[in-house]
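Okay, here's what each chain looks like letter by letter:
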Amino acid sequence: MTVSGHHTGEIQAIGDTFQFAVDVSEFSPEDVIITSSNNLIGVHAEKLGEDGTVANTFSHQYRLPVDVDPMSVAFTIESSGVLTVRAHRVF
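All values reported here derive from a predicted model rather than from experimental measurement.

Novice: Could you give me a rundown of unusual backbone geometry, with the residues and numbers involved?
Specialist: The phi angle at Asn 38 is positive, at roughly 50°, despite the residue not being glycine. Within the element layout of this structure, Asn 38 appears in the loop between strand 5 (32-37) and strand 6 (40-48). In this model, Asn 39 sits at a positive phi of 65°, which is unusual for a non-glycine residue. Secondary-structure assignment places Asn 39 in the loop between strand 5 and strand 6.

See the structure below:
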């Protein structure tokens, strides 16, 4: 799968920015949880069915490179359902 010309989950270093994109279009934004701990970014999403059981899940972890400031992590979810996580690289 591609997202804006890039493969989903592909980690990119562009200039002073580190980023990756994940397709979470099968989930509502409120179903997506992003965590950051010890230079690990976790993306977890869970969709419940009408009967309350888990209908769909997604979970993945990304390790930040050593040249990335973990305090600069920011994310956006586009209307297309693409989650983009960005952080600043320090040189």
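Novice: Can you tell me about the sheet that holds strand 7 (residues 54-63), naming the residues and giving the values?
Specialist: An order of 5-6-7 is seen for the three strands of this open sheet, with the pairing classed as antiparallel. Of all strands in the sheet, those with a lone pairing partner are strand 5 and strand 7, marking the two edges. Taken over all neighbouring pairs, the strand axes of this sheet differ in orientation by 15° on average, direction set aside.

Novice: Could you give an account of the side chain of Thr 17, with specific residues and numbers?
Specialist: By secondary structure assignment, the location of Thr 17 is in strand 4 (residues 17-23). Apart from the residues lying within four places of it in its own chain, the contact partners of Thr 17 are Gln 12, Arg 86, Ala 87 and Arg 89.

Novice: Kindly report on the pairing of strand 5, identifying the contributing residues and their values.
Specialist: In the sheet, strand 5 pairs with strand 6 via six bridges, with the strands oriented antiparallel. What sits directly across from Thr 35, in strand 6, is Gly 42. A loop of two residues connects strand 5 with strand 6, the two strands running antiparallel in sequence, and Asn 38 in this loop sits at a positive phi of about 50°.

Novice: Now, about the packing of aromatic side chains: what can you tell me, with residues and values included?
Specialist: Within this structure, the stated rule accounts for two aromatic pairs. Judged by centre distance (6.1 Å) and plane angle (70°), the ring pair of Phe 18 and Phe 20 falls under edge-to-face. Residue Phe 20 is classed as buried on the basis of its relative accessible area, which comes to 1%. On the basis of an interplanar angle of 25° and a centroid distance of 3.8 Å, the ring pair of Phe 20 and Tyr 62 is categorised as stacked. Linking Phe 20 in strand 4 with Tyr 62 in strand 7, this pair joins segments that are 42 residues apart in sequence. Neither Phe 20 nor Tyr 62 differs from the other in exposure class; each is buried. Here a set of aromatic residues connected by ring pairs shows up, and it is made of Phe 18, Phe 20 and Tyr 62.

The rules behind the values
Residues numbered from 1 in each chain as written. Predicted model: local features only at pLDDT ≥ 70, side-chain atom pairs only at ≥ 80, totals over all residues. Heavy atoms only, no water. Helix = DSSP H or I, 4+ residues; strand = E, 2+ residues; numbered from the N terminus. Pairing = 2+ DSSP bridges. Axes fitted to C-alpha atoms, helices over the stretch in contact; angles between N-to-C directions. Contact = heavy atoms within 4.5 Å. Phe/Tyr/Trp six-rings, centres within 6.5 Å; stacked < 30°, edge-to-face > 60°. Buried < 20%, exposed > 50% of the residue type's maximum accessible area, 1.4 Å probe, protein only.

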